[in-house]
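What follows is each chain in one-letter form.
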Amino acid sequence: MKTFLENLEMLSLAAGTSGDEAAVKNLIFNEIKDYPDCEAKNDNAGNLIVSKKGKKQPKNRLMFSAHMDEVGFIITHIDENGFLKFSNVGGIDSRVIVGKRVLVGENALPGLLGSKAIHLVKKEEFESPTKTDALFIDIGADSKEEAEKLVKKGDYIAFDSQYEEFGETKIKAKALDDRIGCAVMIDLIKTAEFYHDTWLCFTVQEEVGLRGAAVAGDVIKPDFAIIVEGTT
C-alpha cells in the first residue's frame, strides 16, 4: 500500500489538463480497486465515483469531492516555423509561464514556452503583462510540416514539473490543486469507516467551470457535501 506522499507524488507527476483526466483517473482506480466494501464507477461526465456503505446505514447521504484536473493548454494553431500557438485551459497567469517546460499531446512531447526576444519588445509592451496570444511553444520542429507529424490542433498540453520535498514540511510540485485532495480521498477509501452511506467523487473539469462536480451532485443528491481542495 502506497503512503500518502507516495500517492501524492504519483498523482502530481501525471498529466491531467481539464478534459483530459484519464491518466490521473487510471492511477486512482488502480490504487483503490481492490479495497473491500467499496464500488468504483465512471459516470457519463467522466468522474470516478467510489461508494462505501455506512456501518449503520442511516438515511443521510454523504459526498466527498476532489477534482482530478489541472490547468494547462490546448493547441489552436501550428505556424510556418513549427511553433505551436495555444489557448489556456483554466485560469493561468501569463506573467509566470514564459520559459516553463511542457509536455504536448498523447506522447508527452517535450516543449518550451517562449516569447518574443527581449530586444524586439517595444517600450509600450513593457507596461502590461505579455498576453497568451503573443506566446508560443517550441517543440524543436523546423517547419509546420515537421510539427504536424508530431502533434495536432486540439492536443492538450500539461506543465512538466518534478516533485520535490524540501525543508521539514514543504513540497514543490505541479497540480497540488487538487491532487492533494485526491490523495486525501484515497486514504479515506482505504482507512475510513463511515456511519453514513458515502460517495467519494474524483471529478473532472473543475478548472473550467466545476462541470464534473455539478453532474456528480445532481446524481448523488447528497445531504452533506465536503469539498477536499488544495488552494486558498
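Our structure is the block above this text.
The model shown is predicted, which means the values in this text are computed figures rather than measured ones.

Asks: Just checking my understanding: could you explain the overall build of the chain for this structure?
Replies: Of regular secondary structure, the chain possesses five helices and 13 strands. The principal-axis extent of the C-alpha atoms belonging to the chain is close to 70 × 40 × 30 Å. Burial statistics for the chain: of 232 residues in total, 41% are counted as buried. By sequence separation, contacts in the chain at least 24 residues apart represent 71% of the contacts at least 6 residues apart. Summed over all atoms, the accessible surface of the chain reaches about 12,900 Å², with 51% contributed by carbon and sulfur. Separation between the mean location of the 29 positive side-chain charges and that of the 39 negative ones in the chain comes to 3 Å.

Asks: What is the right way to read the pattern of salt bridges from this model?
Replies: Think of it this way: side chains of opposite charge can pair up when their charged atoms draw near. Per the counting criterion, the structure on display carries eight salt bridges. The partner of K174 in a salt bridge is E70, with the nearest N and O atoms 3.0 Å apart. Remark: E70 occurs in the loop between β3 (61-67) and β4 (72-78) and K174 occurs in the loop between β11 (170-172) and α4 (176-191); sequence separation between them is 104 residues. Given the relative accessible area of 3%, E70 is considered buried.

Asks: Help me understand unusual backbone geometry in this model?
Replies: In most cases, non-glycine residues show a negative phi, while peptide bonds are predominantly trans. With an omega of 15 degrees, the peptide bond running from D177 to D178 counts as cis. One can find D178 in helix α4. Of note, the phi angle at K221 is positive, near 50 degrees, even though the residue is not glycine. Within the secondary structure layout, K221 lies in the loop between α5 (211-220) and β13 (224-227).

Asks: Mind showing me how you'd approach the sheet that holds strand β2 (residues 48-52) here?
Replies: Picture the strands of a sheet paired through backbone hydrogen bonds; they go either parallel or antiparallel. Sheet architecture is open: five strands sit in the order β1-β2-β12-β3-β13, paired in mixed fashion. Pairing within the sheet leaves two strands with one partner each, and these edge strands are β1 (38-42) and β13. Along the sheet, successive strands turn relative to each other by an average axial angle of 20 degrees, direction set aside. Its contacts with the sheet place α5 against β2, β3 and β12 (197-203), and it is angled at close to 170 degrees to β3.

Asks: Before we go on, may I ask you to explain α5 in this structure?
Replies: Quick reminder: α-helices carry 3.6 residues per turn. Residues three or four places apart thus point the same way. Turning to α5, its buried residues are G212, A216 and I220. What you see down the axis of α5 is that its buried residues fit within an arc of 50 degrees, all on one side. Looking at the buried positions of α5, the neighbouring elements they touch are β2, β3 and β12. Two residues or fewer past α5, K221 is found with a positive phi of approximately 50 degrees.

Asks: Looking at this model, I keep getting lost on the pairing of strand β5 (residues 84-89). Mind explaining?
Replies: Residues in a regular strand project their side chains so that they alternate between the two faces of the sheet. Taken together, the six bridges between β4 and β5 define a ladder with antiparallel strand orientation. For F73, the partnering residue across the bridge sits in β5 and is N88.

Asks: Sorry if this is basic, but what is going on with the side chain of E31 here?
Replies: In this structure, E31 sits in helix α2 (residues 22-32). Within the local environment of E31, its side chain forms a polar contact with the side chain of K2, the two groups lying 3.4 Å apart. Of the polar contacts made by the side chain of E31, one reaches the side chain of K190; its length is 2.5 Å.

Asks: When you look at α4 in this model, what are you seeing that I'm missing?
Replies: Compared with an ideal rise of 1.5 Å per residue, which puts 16 residues at 22 Å, α4 spans 22 Å between its outermost C-alpha atoms and is within 8% of the ideal. Buried within α4 we find D178, R179, G181, C182, A183, M185, I186, I189 and K190. Along its buried surface, α4 packs onto α1 (4-13), α2, β1, β2, β3 and β12.

Asks: Teacher, can you tell me more about the packing of aromatic side chains here?
Replies: Each aromatic ring pair is described using two quantities: the centre-to-centre distance and the angle formed by the ring planes. This structure, assessed with the given rule, holds four aromatic pairs. A ring pair is formed by F73 and F159, whose centres lie 5.3 Å apart and whose planes are at 65 degrees; its orientation type is edge-to-face. Of this pair, F73 sits in strand β4 while F159 is found in strand β9 (residues 156-159), placing the two residues 86 residues apart along the sequence. Comparing F73 with F159, the two get one shared label, buried.

About the thresholds
- Residues numbered from 1 in each chain as written.
- Predicted model: local features only at pLDDT ≥ 70, side-chain atom pairs only at ≥ 80, totals over all residues.
- Heavy atoms only, no water.
- Helix = DSSP H or I, 4+ residues; strand = E, 2+ residues; numbered from the N terminus.
- Buried < 20%, exposed > 50% of the residue type's maximum accessible area, 1.4 Å probe, protein only.
- Contact = heavy atoms within 4.5 Å.
- Areas by Shrake-Rupley, 256 points an atom, 1.4 Å probe, with all protein chains shown as cover.
- Lys, Arg positive; Asp, Glu negative; His and termini not counted.
- Charge placed at Lys NZ, Arg CZ, Asp CG, Glu CD.
- Salt bridge = Lys/Arg side-chain N within 4 Å of Asp/Glu carboxyl O.
- Pairing = 2+ DSSP bridges.
- Axes fitted to C-alpha atoms, helices over the stretch in contact; angles between N-to-C directions.
- Arc of directions from axis to C-beta.
- Polar contact = N/O pair within 3.5 Å; in protein donor to acceptor, adjacent residues only side chain to side chain.
- Expected span 1.5 Å × (residues − 1).
- Phe/Tyr/Trp six-rings, centres within 6.5 Å; stacked < 30°, edge-to-face > 60°.

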